[in-house]
Each structure stands twice: as C-alpha cells, then as structure tokens.
Amino acid sequence: MNGAKWLALTGALAAALLLVGAVRRRVLGSAAGRRFLRHPAATPGVFVLAFFALLALAAPVVAPYDPAWMPGVVELQNRPPSALHPLGTDPYSRDVWSRLVYGARISLGIGALATLVAVTLGAAVGAFAGYCRRWVDAALMRLVDVGLALPRIFVLLMVVALWEHVPLTVLVLLIGLTGWFGTSRLVRAEVLSVREREFVAAARALGAEPARVIFRHVLPNAAAPIIVSAALGIGNVMLLEAGLSFLGLGVPSPAPSWGNMIADGWPKMAVAWWASTFPGLAISLVVMALNAVGDALRDALDPRKETA
C-alpha cells in the first residue's frame with residue numbers, strides 16, 4: 001500500500017475523530033444529549049461507526065487494489081500481512097484489506113437499508129394498530145404474532161434457497177420484510193399512550209384525517225422506540241446477512257461482504273488466519289458499537305429520566 005493510501009486512511013481516522021467531536025458539542029446542549037454521553041461506550045461507539053462509514057464511502061481512495069483482482073492464484077495465495085498487503089491475501093490471492101473496505105459498503109448498506117424497510121413498515125403497522133384499536137388492532141397484532149412465532153432464519157433460508165443467486169435488492173427486501181414485527185409492537189404500545197393526550201384529541205376535534213393525525217402528531221411523539229429499534233436492528237441485520245453469506249445464500253462471491261469473506265477464509269484458518277479473522281473483527285466491532293449507541297439512545301430518550 002503506497003503513501004497516498006496511508007494518507008487517505010489517516011484522513012479517515014482524523015475525520016472520524018472530528019465527527020465525534022462535532023457530535024459531542026452538538027448534543028451537550030440538551031439534557032438528553034448529556035445522558036447519551038454519560039453512557040461509557042457511547043463516544044467510542046460513535047467513533048467506530050463513523051470510521052467504518054467513512055471507510056465505506058472512501059473505499060476507492062483507501063483500498064490499494066480492486067477487491068476482485070486475483071493477481072496470482074497460486075503464488076500469492078494466503079500471503080501473511082506485509083507492506084504490499086496490510087492484512088494479507090486470501091486463498092484466492094485477493095487483498096484482504098481491499099475486500100474489507102469494499103465489503104463495508106455492502107455489509108453496512110444491507111444493514112442500514114433492510115433496517116429502514118423493517119422500521120418503516122413496523123412503525124406504520126404499529127401506529128395504525130394502536131391508533132385505530134378494535135378490530136384493526138386485533139387483526140394486525142395477530143399477524144404480528146404469526147410473524148414472531150416463525151423462526152426468521154428458517155423463513156429466510158427457505159425463501160433464499162429458491163434462487164440460485166439472490167440480487168442484493170431482493171436480499172435487502174427479504175431481510176427487511178421479515179424483521180418488522182418487534183418494532184410494530186413497540187410502536188403500538190407507545191401510540192396507545194400518545195393517542196390519549198390532549199393535542200391528539202384537539203387535532204381530531206378540528207377534523208383532521210386519521211392518517212394526518214398519525215403521521216403529524218402521533219408518530220413524532222412516539223419516535224424514541226423507533227430510533228432505538230433502528231440502532232439495534234442494524235447490528236442484528238448485519239449478523240443475519242453475514243450468516244446467510246457464510247452459508248453461500250447471501251451476497252455471492254466475488255462481491256465482497258464480511259460474511260462471505262469469512263466463508264472464503266475459514267477452511268484455511270490453520271495457515272491463513274487473517275483471511276477470516278479481520279472481517280470477523282470488523283463485524284464484532286461494528287455490532288458492539290451499534291449496541292452501545294442503541295443502549296445510550298435508550299437512556300437518553302427515556303422519559304423517566306427527563307429530570308436527570
């Protein structure tokens with residue numbers, strides 16, 4: 001890796017530190033922000049997420065090689081970390097660092113987009129169930145009960161097995177459409193409380209349509225569980241995608257994702273531990289950071305701590 005790539009990596013680290021500093025200054029002005037920063041892992045979690053997000057965005061600048069390039073399948077396979085290959089090469093002679101950086105785009109992108117689908121659908125279903133109540137609530141919650149009773153990984157394995165190669169768009173939709181049930185229950189519980197407040201009654205008295213009341217008045221005041229669910233859900237989706245890719249049913253190689261990088265390298269762990277260890281560490285760091293940020297957001301947005 002040449003000097004320009006090291007300089008770009010150093011710039012990504014510096015940018016992540018600057019972003020963390022900007023976030024700290026921004027949130028210190030509110031009680032919720034101070035509660036967020038009081039969590040011991042909140043700041044390191046934000047730094048890890050910012051760093052990997054910047055790596056993903058700057059992948060063409062930071063990565064020294066094309067992630068699918070195989071310069072010498074025999075002579076360059078399973079090379080240990082060196083100056084030319086900072087994290088070594090995998091069993092197919094591909095640069096592990098380049099694949100790790102480009103894999104961040106796919107793994108983080110799938111996690112964020114699938115969680116967006118799940119949270120959006122779950123919030124809409126939970127809001128309508130909690131606001132309308134009666135038979136609408138009963139019907140939607142029975143649908144949620146069925147979804148929660150089915151093992152998610154089993155459903156995904158069954159559906160994904162029908163395709164030989166699953167497009168990324170289909171994979172995102174499948175993961176998102178099987179992950180909204182828990183969010184809908186959280187949002188429903190919050191909406192049942194918010195719908196009884198005076199400002200909602202005033203909006204109904206003024207003749208506002210139910211959809212307008214839900215999206216303009218109810219959901220903004222029930223945002224706390226949605227935000228926390230989204231932060232925690234991204235990590236769960238990333239682990240799910242990594243598991244599917246490890247089994248050969250997720251992102252197909254040579255497109256890099258952290259899950260299929262582990263799958264490519266684990267048969268050679270005895271002689272080339274780096275091929276699977278580094279993507280495994282990346283998944284662990286990002287998921288732990290997301291869980292830490294989610295826990296800190298839960299503390300910050302807890303209404304019982306408003307006076308803290």
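Our structure is the block above this text.
Here the structure is a predicted model, which is why all the values come from computation and not from measurement.

Participant: Explanation requested: helix α1 (residues 3-27) in the structure shown.
Facilitator: Helical geometry: 3.6 residues make up each α-helical turn, so side chains three or four residues apart lie on a common side. Over its 25 residues, α1 extends 36 Å from the first C-alpha to the last, a length consistent with the 36 Å expected when each residue adds 1.5 Å. Regarding α1, the residues found buried are K5, A8, L9, A12, A16, V20 and G21. Buried residues along α1 sit against α3 (42-57), α4 (59-62) and α5 (96-132).

Participant: Would you mind going over the packing of aromatic side chains with me for this structure?
Facilitator: Between two aromatic rings, the relevant description is the distance of the centres plus the angle of the planes. Enumeration according to the criterion identifies 9 aromatic pairs in this entry. Ring centres of F47 and F51 lie 6.3 Å apart, and the angle between their planes is 15 degrees; this geometry places the pair in the stacked category. Of this pair, F47 and F51 both sit in helix α3, 4 residues apart, roughly one helical turn. Both rings, one in W273 and one in W274, keep their centres 5.6 Å apart while their planes meet at 75 degrees; by these two values the pair is edge-to-face. The class for W273 is partly exposed, based on a relative accessible area of 43%. Residue W274 is classed as buried on the basis of its relative accessible area of 6%. Taken together, the ring pairs connect F47, F51, F52 and W258 into an aromatic cluster.

Participant: Help me understand unusual backbone geometry, please; the structure alone is not making it clear to me.
Facilitator: Negative phi is the rule for most residues except glycine; trans is the rule for most peptide bonds. Its identity is not glycine, yet N78 carries a phi of approximately 55 degrees, on the positive side. Its place among the elements puts N78 in the loop between α4 and α5. Using a relative accessible area of 17% as the deciding quantity, one classes N78 as buried. You will see that S93, though not glycine, has its phi angle at about 70 degrees, which is positive. Among the residues examined, S93 registers a relative accessible area of 1% and is labelled buried.

Participant: Quick question: what am I supposed to make of the pattern of salt bridges here?
Facilitator: As a working rule, side chains carrying opposite charge can pair if their charged atoms are close by. Under the defined criterion, the tally for this structure stands at 8 salt bridges. For the salt bridge of D90 with R94, the shortest nitrogen-to-oxygen distance reads 3.0 Å. Exposure class is identical for D90 and R94. Each is buried. Of the charged contacts, one joins R94 and D264 as a salt bridge, the two residues approaching to 3.0 Å between their closest N and O atoms. Of this pair, R94 sits in the loop between α4 and α5 while D264 sits in helix α13 (residues 258-265); the two residues are 170 residues apart in sequence, bridging distant segments of the chain.

Participant: I tried to follow the packing of helix α2 (residues 31-38) against helix α14 (residues 274-300) on my own but got confused; where do I start?
Facilitator: The geometry of a pair of packed helices is captured by two quantities: the angle between their axes and the separation between those axes. Contact pair α2 / α14: the axes reach a minimum separation of 8 Å and the direction vectors enclose 140 degrees. Between α2 and α14 lies a crossing whose hand is right-handed. Residues A32, R35 and F36 of α2 form the contact with α14, whose own contacting residues are V293, A296, L297, D299 and A300. Its residues placed into classes, the contact of α2 with α14 shows 6 nonpolar, no polar and 2 charged.

Participant: Even after reading the chapter, I still don't get the nonpolar core, so can you show me in this structure?
Facilitator: Nonpolar side chains in soluble globular proteins tend to be buried together. One finds F52, L55, W97 and W258 to be the most contacted residues of the largest nonpolar core, which totals 34 residues. The set of elements that each furnish at least two residues to this core consists of α1, α3, α4, α5, α12 (223-246), α13 and α14. No other element matches α14, which puts 8 residues into this core. Every residue in contact with W258, bar those within four places of it in the chain, is listed here: F52, L100, G103, A104, S107, M238, P279, A282, I283 and V286. Counting 15 residues, the second-largest nonpolar core is a separate cluster that includes Y131, V200, I214 and A222.

Reading the values: rules and limits
- Residues numbered from 1 in each chain as written.
- Predicted model: local features only at pLDDT ≥ 70, side-chain atom pairs only at ≥ 80, totals over all residues.
- Heavy atoms only, no water.
- Helix = DSSP H or I, 4+ residues; strand = E, 2+ residues; numbered from the N terminus.
- Expected span 1.5 Å × (residues − 1).
- Buried < 20%, exposed > 50% of the residue type's maximum accessible area, 1.4 Å probe, protein only.
- Contact = heavy atoms within 4.5 Å.
- Phe/Tyr/Trp six-rings, centres within 6.5 Å; stacked < 30°, edge-to-face > 60°.
- Salt bridge = Lys/Arg side-chain N within 4 Å of Asp/Glu carboxyl O.
- Axes fitted to C-alpha atoms, helices over the stretch in contact; angles between N-to-C directions.
- Left-handed = near helix turned anticlockwise from the far one by under 90°.
- Nonpolar A, V, L, I, M, F, W, Y, C, P; charged D, E, K, R; others polar.
- Core = buried A, V, L, I, M, F, W, Y, C linked by side-chain atoms within 4.5 Å.

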